[in-house]
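An overview of the molecular structure
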Amino acid sequence: LHVFAFGVADYDEDRLDLQYPTKDVDDLVASLSAHAEGLFTDVEVTTLKDREVSTAAVRRHLKSVLRQAGEEDTVVVFGAGHGIRDADGEYYFLTSGDTPADPFGGISRHDIENLVTWSGLRARRKILLLDTCHSGAGSADSETRARGAEPLFPQEHVNQIIEGQGGGTYILAASSDG
C-alpha cells in the first residue's frame, strides 16, 4: 500500500486558515495503516503538510515514489485544503501562499489527476480522495458552464480513464463550491 497524503490548513492570509486538513491527513494515514495489516505486506506513507505542499513536491513524489508501486500494489492519494476555480473555471488546490484571487501558484487539476492517471504508474488499483471545495461538483454551476468550463472530473473523462486502464481507478471528491 502506497499512501500519499497532503493537506494545507495554514495559509499566509489568516482568513483562509482551516482547522482540519492536516489532522485529516494524520487520521487517514493512521486509519489506513491500522487496517492494512493482513491486507498488505507493507505500507509506504508520505505526508506533506502546510508549507511542504507545492506543485513541485507533488510532481516530485509522483515521479520518485508513486512510480515505484508495482502492478499488484494499491496507491491511495488524499488531499485536503482549499480548492478554487479561476475566472475560466480551472481548478486549483491552494497551497499556503495562494489566495482565491491569485490561485496560480497552486496545484492544478491536471497535476492532481496525474497522481492516479499518469501512464508511468504500474499500480492497477489507485484511489484519489479530495476534500476541497469545488472538487466534488458533479457538474459545473451554470455560470461556470456558461464560460465553457467543465466539472473537475467530468463523467466522460472518468469513463475514458477507466477504459484506458482497465478499471481500478477510483476518484472520490467531497465538496461542491461551498
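Just so you know, the residues in each chain are numbered from 1, in the order the chain's sequence is written. Local features are withheld for residues below a pLDDT of 70 in this predicted model, meaning they are given only at 70 or higher, and side-chain atom pairs are given and counted only at 80 or more; totals for whole chains, interfaces and linings count all residues. Where side-chain values are given, they derive from all heavy atoms of the structure, hydrogens and water being excluded.

1. A few points about the overall build of the protein
- When its secondary structure is counted, the protein shows five helices and eight strands.
- Taken over 178 residues, the protein has a buried fraction of 46%.
- Partitioning the contacts of the protein with sequence separation of at least 6, the portion at a separation of at least 24 is 72%.
- Areas reported as accessible are Shrake-Rupley estimates using a 1.4 Å probe. Residue values count occlusion only from the protein chains shown. For the protein, the computed accessible surface area is about 9100 Å², with 47% contributed by carbon and sulfur atoms. Only DSSP runs of H or I with at least four residues qualify as helices, and only runs of E with at least two residues qualify as strands; both kinds are numbered from the N terminus onward. The buried label goes to any residue with under 20% of its type's maximum accessible area, the exposed label to any with over 50%, and the partly exposed label to all in between, with areas taken from a 1.4 Å probe on protein chains only. Note on contacts: a residue pair is in contact if any heavy atoms of the two residues lie within 4.5 Å.

2. Some details on the nonpolar core
- In these notes, a set of buried Ala, Val, Leu, Ile, Met, Phe, Trp, Tyr and Cys residues joined through side-chain atoms within 4.5 Å is what counts as a nonpolar core. Membership of the largest hydrophobic core comes to 28 residues, with the highest contact counts inside it found for Phe-4, Phe-6, Leu-66, Val-77, Phe-93 and Leu-115.
- If you list the elements that add at least two residues to this core, you get strand 1 (2–7), helix 2 (55–64), strand 3 (74–80), strand 5 (91–93), helix 3 (109–117) and strand 7 (125–131).
- Discounting residues that sit within four places of it in the chain, Phe-6 has contacts with Val-25, Leu-48, Val-53, Val-77, Phe-78, Gly-79, Ala-80, Phe-93 and Leu-115.
- The next biggest cluster of nonpolar side chains, apart from the first, holds eleven residues, and it includes Val-3, Val-29, Val-76 and Ala-80.

3. Focus on the pairing of strand 1
- For strand 1, the buried fraction is high: six of the six residues fall into the buried class.
- Burial of strand 1 is two-sided: the residues His-2, Phe-4 and Phe-6 facing one way and the residues Val-3, Ala-5 and Gly-7 facing the other way are all buried.
- By the bridge criterion, six bridges tie strand 1 to strand 2 (residues 44–49) in an arrangement that is parallel. Bridge pairing in strand 2 links Phe-4 to Thr-46. DSSP calls a pair of strands paired once it identifies at least 2 bridges connecting them.

4. Quick look at the pattern of salt bridges
- Salt bridges are defined by distance alone: a side-chain nitrogen of Lys or Arg within 4 Å of a carboxyl oxygen of Asp or Glu. Scanning the entire structure with this criterion turns up eight salt bridges.
- Here Arg-124 ties to Glu-71 by a salt bridge, and the two come within 3.9 Å at their closest N and O atoms. One end of the pair, Arg-124, is in the loop between helix 3 and strand 7; the other, Glu-71, is in the loop between helix 2 and strand 3, and 53 residues separate them in sequence.
- Looking at Arg-124, the relative accessible area reads 40%, which means it is partly exposed.
- Assessed through its relative accessible area of 46%, Glu-71 is described here as partly exposed.
- Measuring nitrogen to oxygen at the nearest pair gives 2.9 Å for the salt bridge that ties Arg-109 to Glu-113. Of this pair, Arg-109 and Glu-113 both sit in helix 3, separated by four residues, roughly a single helical turn.
- Judged by relative accessible area, Glu-113 falls into the buried class, the value being 7%.
- Each of Glu-71, Glu-72 and Arg-124 takes part in one network of salt bridges that share partners.

5. Digging into the sheet that holds strand 6 (residues 107–108)
- In spatial order, the strands read 4-5-6; together these three strands make up an open sheet with antiparallel pairing. Where the open sheet ends on each side, the last strands, each with one partner, are strand 4 (83–85) and strand 6.

6. Quick notes on the confidence of the model for the protein
- This prediction gives the protein a mean pLDDT of 84; 77% of its residues lie at or above 70.
- pLDDT gives the predictor's per-residue confidence on a scale running from 0 to 100. The model gives residues 138–149 a pLDDT under 50, and that stretch makes 17 contacts with residues more than four places away or in other chains.

7. Here's the deal with the side chain of His-61
- Within the secondary structure, His-61 is located in helix 2.
- A relative accessible area of 6% means that His-61 is categorised as buried.
- Discounting chain neighbours no more than four positions away, the residues touching His-61 are Phe-4, Thr-46 and Leu-66.

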